[in-house]
Amino acid sequence: ARRESWSWREGDCSKARERLEQKPLSIERTKGSEILFGIAPCSLALSQSRRDLFRLFLKQSIGSQRLVMSEFVLQATARGVPVHHVKRRELDALCRGQVHQGVCLEATPLRFKRLEEAEKPDLRDEESPNRQLIWLVLEQIQDPMNLGALLRSAYFLGVDRVVTSQRNSCPLTPTVSKASSGAMEVFDVYSTDDLQSFLKAKAAEGWEIVGTVSRPEEVENVPVISCLEFRWNKPIIIVIGSEGDGLSLETQLLCHRMLAIPPGRVLPPGVESLNVSVATGKSSSEHCSPTFCIENSN
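Criteria and thresholds
- Residues numbered from 1 in each chain as written.
- Predicted model: local features only at pLDDT ≥ 70, side-chain atom pairs only at ≥ 80, totals over all residues.
- Heavy atoms only, no water.
- Pairing = 2+ DSSP bridges.
- Helix = DSSP H or I, 4+ residues; strand = E, 2+ residues; numbered from the N terminus.
- Axes fitted to C-alpha atoms, helices over the stretch in contact; angles between N-to-C directions.
- Contact = heavy atoms within 4.5 Å.
- Phe/Tyr/Trp six-rings, centres within 6.5 Å; stacked < 30°, edge-to-face > 60°.
- Buried < 20%, exposed > 50% of the residue type's maximum accessible area, 1.4 Å probe, protein only.
- Expected span 1.5 Å × (residues − 1).
- Arc of directions from axis to C-beta.
- Core = buried A, V, L, I, M, F, W, Y, C linked by side-chain atoms within 4.5 Å.

1. Examining the sheet that holds strand β2 (residues 53-59)
Two modes of strand pairing occur in sheets, parallel and antiparallel, and in both the strands are linked by backbone hydrogen bonds.
Logical step 1: Pairing in this open sheet of four strands is mixed, and the strands run β1-β4-β2-β3 from one edge to the other. Whereas interior strands pair on both sides, the edge strands pair on one side only; in this sheet they are β1 (34-37) and β3 (83-86). Taken pair by pair, the neighbouring strands of this sheet meet at an average axis angle of 25°, ignoring direction.
Logical step 2: Across four bridges, the pairing between β1 and strand β4 (residues 103-107) is antiparallel. Of the residues in β4, the one forming a bridge with Phe 37 is Cys 104.
Logical step 3: Of the strands in this sheet, β1, β2 and β4 are in contact with helix α2 (residues 39-47), which crosses β4 at around 45°.
Logical step 4: Along the sheet face, helix α3 (residues 66-79) touches β2, β3 and β4 and points at about 165° away from the line of β2.

2. Topic: the packing of aromatic side chains
Logical step 1: Scanning all chains against the criterion turns up three aromatic pairs.
Logical step 2: A centroid spacing of 5.3 Å and a plane angle of 55° characterise the contact between Tyr 155 and Phe 187, whose relative ring orientation is tilted. Of the two residues, Tyr 155 is situated in helix α5 (residues 144-157) and Phe 187 in the loop between α6 (174-179) and β8 (189-192); the sequence distance between them amounts to 32 residues.
Logical step 3: What makes Phe 187 buried here is its relative accessible area of 8%.
Logical step 4: A network of ring pairs unites the aromatic residues Trp 135, Phe 198 and Trp 207 as a single cluster.

3. What to know about α3
Logical step 1: Between its terminal C-alpha atoms α3 stretches 20 Å, which fits the 20 Å expected from 14 residues at 1.5 Å a residue.
Logical step 2: Taken as a whole, α3 has its buried residues at Met 69, Phe 72 and Ala 76. The arc enclosing the buried residues of α3, seen along the axis, measures out at 50°, which places them on a common side. Among the exposed residues of α3, those pointing more than 90 degrees away from its buried face are Leu 67, Leu 74, Thr 77 and Ala 78.

4. Digging into unusual backbone geometry
Logical step 1: In the Ramachandran plot, Arg 96 falls in the positive-phi region, its phi being about 55° despite a non-glycine side chain.
Logical step 2: Structurally, Arg 96 is set in the loop between α4 (88-94) and β4.
Logical step 3: Residues other than glycine seldom take positive phi values, yet Gln 140 does so here, at roughly 60°.

5. What to know about the nonpolar core
Logical step 1: By size, the foremost hydrophobic cluster in this structure holds 26 residues, and its most contacted members are Leu 136, Leu 138, Leu 147, Leu 151, Val 162, Phe 230 and Ile 236.
Logical step 2: When residues in this core are grouped by element, the largest group, four residues, is from α5.

6. A short note on helix α7 (residues 195-204)
Logical step 1: The set of residues buried in α7 consists of Leu 195, Phe 198, Leu 199 and Lys 202. Along the long axis of α7, the arc covered by the buried residues comes to 95°, so they all point the same way. Seen from the buried face of α7, the exposed residues on the opposite side, beyond 90 degrees, are Lys 200 and Ala 204.
Logical step 2: Elements in contact with the buried residues of α7: β6 (134-138), β7 (161-165), β8, β9 (208-212), β11 (236-240) and α8 (249-252).
Logical step 3: Remark: Gly 206 follows α7 within two positions and exhibits a positive phi of approximately 105°.

Printed below as a string of structure tokens:
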């Protein structure tokens, strides 16, 4: 009987040990912090001085990524950030199952900048005198994947500034940073609580306000042209509307023109427009500004 009791206790302890090994370790977060995930967002956040950084978490047994992880250790050491090597399930728990690529970084959140903090733009570029400023304004973009993809495209294409409406807009989250491939970590994003007043002020300063539309037949009192025909010779603001609804009527009426992207074929219902971050065309040369078109999504 004594032998059976010992055998039962040994088996019970073994099962308990297995349960503990399967359960991720609980990592207590620093108050007010968030978890960045992914190689590009974490690397760029480490290279900048825009966040306070607390801890870097790297996956154990990295194999073919050993060189990449070694570079992360060097970056973190240079910034004085502690490095913790943890198992994959700990990383999964930290970023709630998102695709982390073996890297998570605990840091303070990024916030939108106020327009009052922005430097006054230089309307004349001495290096490229024929180049005009281009700003991107986002009205109530709510999907973090769309916002991230927009920031990535805007940064890549050389947009000078991004401004978003405060109301009903997605904040700058780790998901946005990952979707932007880290562009959010190096690209300032501004916000305004009065989008219409902001657009009126820029129009009075001589900027051209251009909206985007997926269904030209629904636009009234504002001329609509194809983005393939669009050219400009003054500073320009391109305004992007929310997913599904597009630009509000109040914002549409402040636009000088509306841009539309003609489809390449007859489209069935439900596929009449492109994703908010896709439909982007650009052509540039040394002596002309880019043609930049972004369409609303449904």
